[in-house]
Amino acid sequence: MNRVELALQQRKQSILTANENELLTSIAYATTTKVIKPSGDKQYSSDFLSELLHNGIVIGKPNDAVDGKWHFVLPDPGMITDED
């Protein structure tokens, strides 16, 4: 892999990480909403999406949504226990 390819790969990973961190922050502070709807042009890694699903977050992909956005439906806070 040449330097340009490496730089482009690192750029893509940086974008994914930034998008994922932004979503995690939105989840952490979502006290008045159950659905978070980021722009449909954001990308997330498959591992990250799997983690969300594993933790009870329902994922609606932009291609399936009328508004073209991601839809992340959060679990009820009452379902969360200290054991989780």
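Thresholds, definitions, all that
Residues numbered from 1 in each chain as written. Predicted model: local features only at pLDDT ≥ 70, side-chain atom pairs only at ≥ 80, totals over all residues. Heavy atoms only, no water. Core = buried A, V, L, I, M, F, W, Y, C linked by side-chain atoms within 4.5 Å. Buried < 20%, exposed > 50% of the residue type's maximum accessible area, 1.4 Å probe, protein only. Helix = DSSP H or I, 4+ residues; strand = E, 2+ residues; numbered from the N terminus. Contact = heavy atoms within 4.5 Å. Expected span 1.5 Å × (residues − 1). Polar contact = N/O pair within 3.5 Å; in protein donor to acceptor, adjacent residues only side chain to side chain.

(A) Examining the nonpolar core more closely. Listed in full, the eleven residues of the largest apolar core are Leu23, Ile36, Tyr44, Phe48, Leu49, Leu52, Ile57, Ile59, Trp70, Phe72 and Leu74. Top element by residues in this core is helix α2 (residues 46-54). It accounts for three residues. Beyond its immediate sequence surroundings of up to four residues, Leu52 is in contact with Leu23, Ile27, Ile57, Ile59 and Phe72.

(B) Examining helix α1 (residues 3-28) more closely. Over its 26 residues, α1 runs 37 Å from end to end, which matches the ideal 38 Å to within 8%, given 1.5 Å per residue. Leu16, Asn19, Glu20 and Leu23 are the residues of α1 that are buried. Against β1 (35-36), α2 and β3 (71-73) lie the buried residues of α1. N-cap assignment for α1: the residue whose side-chain oxygen lies 2.9 Å from the backbone N of Val4 is Asn2.

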